[in-house]
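# Observations on chain architecture
Listed below are the residues making up each chain.
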Amino acid sequence: MSFSHHLFFCLNQRSNGEDCCDRHNAFALFEYAKNRVKELGLAGPGKIRVNKAGCLDRCADGPVMVIYPEGVWYTLIDKDDVEEIIQSHLINGCPVERLQLS
């Protein structure tokens, strides 16, 4: 099965008290993206797949998501950021520069 895009959300949890994406609402943003992609009819073979990921090693920038095949890394704050990425990057092919990580 092939997809046009894979979204990987870091959902890493650290038990030692260090910062991690899980402490910044990453799971709720992942769930929002997954549900929204399905709601818009963008999920499925040949389309978009939203995946959980372990540590993406950008804890200080969390929550973090990366989109392949482009390899664009994003930092997210809330559902509005996720929605903007879906509309701009995934639907219109225009990455959201203000949320990109370098």
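Before any of the text, the structure's been laid out above.
This section reports on the structure supplied with the text. Note that the structure is a prediction, hence the values are computed from the model and not measured. (Residues numbered from 1 in each chain as written. Predicted model: local features only at pLDDT ≥ 70, side-chain atom pairs only at ≥ 80, totals over all residues. Heavy atoms only, no water.)

### A word on the pairing of strand E3 (residues 64–68)
Two faces, one strand: in a regular strand the side chains alternate between the faces of the sheet. When you tally the buried positions in E3, you get 4 out of 5 residues, the bulk of the element. Sheet analysis places E3 next to strand E4 (residues 72–75), joined by 4 bridges and oriented antiparallel. Looking across to E4, one finds that Met65 is bridged to Tyr74. Between the end of E3 and the start of E4, which pair antiparallel, lie 3 residues, with Gly71 showing a positive phi angle near 70°. (Buried < 20%, exposed > 50% of the residue type's maximum accessible area, 1.4 Å probe, protein only. Helix = DSSP H or I, 4+ residues; strand = E, 2+ residues; numbered from the N terminus. Pairing = 2+ DSSP bridges.)

### Regarding the packing of aromatic side chains
A full pass over the atoms with the stated rule returns 3 aromatic pairs. Between Phe9 and Phe30, the ring centres sit 5.8 Å apart and the planes meet at 75°, which makes this aromatic pair edge-to-face. With Phe9 in strand E1 (residues 5–10) and Phe30 in helix H1 (residues 26–39), the pair connects residues that are 21 residues apart, well separated along the chain. Accessibility expressed as a relative area gives 1% for Phe9, which makes it buried. (Phe/Tyr/Trp six-rings, centres within 6.5 Å; stacked < 30°, edge-to-face > 60°.)

### Considering the pattern of salt bridges
Overall, the coordinates contain 5 salt bridges when judged by the stated rule. Among the salt bridges present, the one from Arg36 reaches Glu83, with a minimum N-O distance of 2.7 Å. Of the two residues, Arg36 sits in helix H1 while Glu83 sits in helix H2 (residues 79–91), which places them 47 residues apart along the sequence. Of the charged contacts in the structure, one is a salt bridge between Asp61 and Arg58, with a shortest N-O distance of 3.0 Å. Exposure remark for Asp61: the relative accessible area of 27% places this residue in the partly exposed category. (Salt bridge = Lys/Arg side-chain N within 4 Å of Asp/Glu carboxyl O.)

### Description of the packing of H1 against H2
Two elements in contact, H1 and H2, have axes whose closest approach is 10 Å; the angle formed by their N-to-C orientations is 35°. Helix-helix and strand crossings are classified by hand; for H1 and H2 the assignment is right-handed. Within the contact between the two elements, H1 uses Leu29, Tyr32, Ala33, Arg36 and Val37 and H2 uses Lys79, Val82, Glu83, Ile86 and Gln87. Looking at the contact of H1 with H2 residue by residue, the classes come out as 6 nonpolar, 1 polar and 3 charged. (Axes fitted to C-alpha atoms, helices over the stretch in contact; angles between N-to-C directions. Left-handed = near helix turned anticlockwise from the far one by under 90°. Contact = heavy atoms within 4.5 Å. Nonpolar A, V, L, I, M, F, W, Y, C, P; charged D, E, K, R; others polar.)

### Structural notes on the sheet that holds E1
Strand order in this open sheet of 4 strands is E2-E1-E3-E4, and the pairing throughout is mixed. On the outer flanks of this sheet lie strand E2 (48–53) and E4, each paired with one strand and no other. Neighbour to neighbour, the strand axes of the sheet diverge by 20° on average, direction disregarded. Sheet topology note: the E1/E2 ladder contains 6 bridges and is parallel. Note on E2: the bridge partner recorded for Phe8 is Asn51. Lying over the sheet, H1 contacts E1 and E2, oriented at roughly 165° with respect to E2. Together, E1, E2, E3 and E4 form the strand contacts of H2, whose direction differs from that of E3 by roughly 20°.

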